[in-house]
Amino acid sequence: MKRPKDDVITLDDALWERVMAATDGAMAPCFQCGVCTATCPWSELQNEPVNVRALMRRAQLGIEEPDGAVWWCTTCRACEAQCPRGVPIASVVLALRRLAWQDQSVPKGLPGVMWALHWDGNPWRRPPSQRAAWARTADVKRFEPTDEILYYVGCTPSYDNRSQKVARALAGVFRAAGVTFGTLGEDEPCCGDAAFSLGQHDYFRQMAATTARRFSESGVKTLVTVSPHCYDMFRNHYPATDGFLPLHYTQYLAQLVADGRLRFEQPYPITATFHDPCYLGRENGVYDAPRQVLEAIPGLKLVEMPRNHEAALCCGGGGGRMWMETKAGERFSDLRVREAAGTEADVLVTACPHCIACLEDSLKLSGSAMRVMDVAEVVAAALAAGGASP
Ligand code: SF4
Ligand code: SF4
């Protein structure tokens with residue numbers, strides 16, 4: 001319901017019930033302290049910060065007054081980590097997005113992303129026949145049930161030129177460690193992250209059912225993802241009965257290091273700082289595995305940014321923001337690159353295709369001599385320094 005000019009609010013019971021049903025009343029404990037608004041990184045970038053507190057209040061009252069906050073949110077959950085009442089703010093935001101689709105009130109461009117998922121099976125609007133093109137020079141075979149793992153590449157590393165390099169590097173690392181693996185090639189299905197994070201939850205459930213069926217028919221027991229977003233979907237949003245174990249690749253590499261299968265023979269002398277992807281860290285509690293892998297490399301010095309682990313700053317690419325425009329100079333990644341440069345690291349390392357894209361974009365504008373690399377690329381380079389050919 002629109003607020004009249006005289007500032008009188010008329011409450012609408014039917015609308016209130018609709019919002020309550022969609023959100024499960026999750027914002028009810030909010031007592032309007034405003035910590036979320038102060039924590040949200042948008043307050044560091046925009047004169048008018050995204051007013052998360054007001055968004056929660058309107059949701060409590062069932063007032064429909066769209067101001068875009070629902071779509072600015074990257075679902076990074078930094079605010080949730082500080083909320084004294086434990087309000088699942090990002091989940092409320094996703095529920096409000098679901099209602100926005102029902103009201104046909106979504107930013108232009110997003111329906112096109114959904115159509116791309118429907119017709120092409122990926123949000124990049126690329127033909128399914130090109131899905132395995134990244135692997136042409138990487139000597140990757142088709143998955144067989146006797147393989148140790150299914151290498152689940154995901155849409156962004158399959159189609160985005162920059163992320164394809166990460167996909168190839170990781171395949172080489174698996175080979176160097178003697179892992180038997182394969183992919184589903186052109187038949188690899190999308191995990192559904194774009195649909196879920198943009199609030200198309202009914203469509204996501206259809207996609208998840210199709211994808212899980214394909215894994216089951218292929219005999220998949222353990223799958224290893226490149227992206228923390230795919231990992232999060234499989235771990236937290238697919239039915240627990242789907243019968244396969246999802247791992248993020250940093251978890252799998254940490255295990256290979258611990259088992260002595262992944263070894264580094266020569267020093268790889270760089271100073272690196274690690275950017276925790278939100279969907280690996282805050283969302284799934286995986287902080288140690290990427291650091292254990294990096295610290296196993298002789299000569300590599302790991303330094304932390306002021307905001308690390310649970311307090312890490314988001315890159316700005318989660319929560320479907322990859323599919324929406326953000327002006328240069330107003331991006332979370334602009335802040336993050338400045339923070340990383342302050343550590344005097346040579347390399348800003350991360351473990352997520354969305355983070356790589358956002359951080360590299362900001363780095364180009366920053367003038368810094370730092371590089372952005374994925375953990376998989378650092379490991380591949382360290383193996384190559386020791387004479388291995390990943
Ligand atoms: S931090 Fe939590 S309790 Fe405080 S305004 Fe935000 S949602 Fe409400
Ligand atoms: S989840 Fe992140 S982007 Fe969204 S409101 Fe909270 S701090 Fe801001």
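Residues numbered from 1 in each chain as written. Chains lettered and ligands numbered in written order. Predicted model: local features only at pLDDT ≥ 70, side-chain atom pairs only at ≥ 80, totals over all residues.

## Some thoughts on the overall build of the protein
Within the protein, the secondary structure is distributed over 17 helices and eight strands. Relative to the globule expectation of 21 Å for 390 residues, the C-alpha radius of gyration of the protein, 21 Å, shows essentially globular dimensions. Its C-alpha atoms give the protein principal-axis dimensions of roughly 75 × 50 × 30 Å. The buried share among the 390 residues of the protein stands at 47%. (Helix = DSSP H or I, 4+ residues; strand = E, 2+ residues; numbered from the N terminus. Rg over C-alpha atoms; globule rule 2.2 N^0.38 Å. Buried ≥ 20, exposed ≤ 12 C-beta atoms within 10 Å, placed from the backbone.)

## Here we look at unusual backbone geometry
For Q32, which is not glycine, the phi torsion reads 65° and is therefore positive. Phi at D139 is positive, roughly 55°, even though this residue is not glycine. Looking at the secondary structure, you find D139 in the loop between helix 7 (110–120) and strand 1 (149–152).

## Re the site of ligand 2
Around ligand 2 there are 16 residues in total, and C40, C73, C76, A78 and C79 lie nearest to it. At the level of elements, helix 2 (35–39), helix 5 (78–82) and helix 6 (89–102) are the ones that each hand at least two residues to the shell around ligand 2. Its residues assigned to classes, the shell around ligand 2 shows twelve nonpolar, three polar and one charged. (Near = placed C-beta within 6 Å. Nonpolar A, V, L, I, M, F, W, Y, C, P; charged D, E, K, R; others polar.)

## Concerning the environment of A351
Along the chain, the position of A351 falls in the loop between strand 7 (347–350) and helix 16 (353–366). Not counting residues up to four positions away in its chain, the partners in contact with A351 are P228, T250, P277, L280, P290, D374 and V375. (Contact = placed C-beta atoms within 7 Å.)

## Notes on the site of ligand 1
Neighbouring ligand 1 are 15 residues, the closest being C30, C33, V35, C36 and C83. Secondary structure elements with two or more residues in the shell around ligand 1: helix 2 and helix 3 (52–61). With three residues, helix 3 is the single largest residue contributor to the shell around ligand 1. Broken down by class, the residue content of the shell around ligand 1 amounts to eleven nonpolar, two polar and two charged.

## Quick notes on the sheet that holds strand 8 (residues 371–374)
What the four strands build is an open sheet, ordered 6-5-7-8; its pairing is parallel. The sheet is open, and its two borders are formed by strand 6 (301–303) and strand 8, each paired with just one other strand. Taken over all neighbouring pairs, the strand axes of this sheet differ in orientation by 35° on average, direction set aside. In the sheet, strand 5 (residues 271–274) pairs with strand 7 via three bridges, with the strands oriented parallel. Bridge pairing in strand 7 places A272 opposite V347. Strands in contact with helix 16 are strand 7 and strand 8; relative to strand 8, the strand with the most contacts, it is inclined by about 170°. (Pairing = 2+ DSSP bridges. Axes fitted to C-alpha atoms, helices over the stretch in contact; angles between N-to-C directions.)

## So, the nonpolar core
L170, V173, L253 and V379 are the most contacted members of the largest nonpolar core, which has 117 residues in total. Broken down by element, this core gets its largest block of residues, eight residues, from helix 9 (residues 161–176). (Core = buried A, V, L, I, M, F, W, Y, C linked by C-beta atoms within 7 Å.)

## Concerning the domain arrangement of the protein
Each domain of the protein was delimited in the assignment, giving domain 1 (13–102), domain 2 (110–256) and domain 3 (263–385). Computed from C-alpha atoms alone, the centre-to-centre distance between domain 2 and domain 3 is 21 Å. Listed by partner, the interface residues are 31 residues for domain 2 and 27 residues for domain 3. Elements supplying a minimum of two residues to the side of domain 2 that touches domain 3: helix 7, helix 8 (155–159), helix 9, helix 10 (193–197), helix 12 (228–237) and helix 13 (249–258). Broken down by element, the side of domain 2 that touches domain 3 gets its largest block of residues, nine residues, from helix 9. Split by residue class, the side of domain 2 that touches domain 3 holds 17 nonpolar, nine polar and five charged. (Domains from an automatic or database assignment.)

## Side note on the pairing of strand 3 (residues 222–225)
When strand 1 meets strand 3, the two strands line up parallel, connected through three bridges. Within strand 3, the position partnered with Y151 by the bridge is V224.

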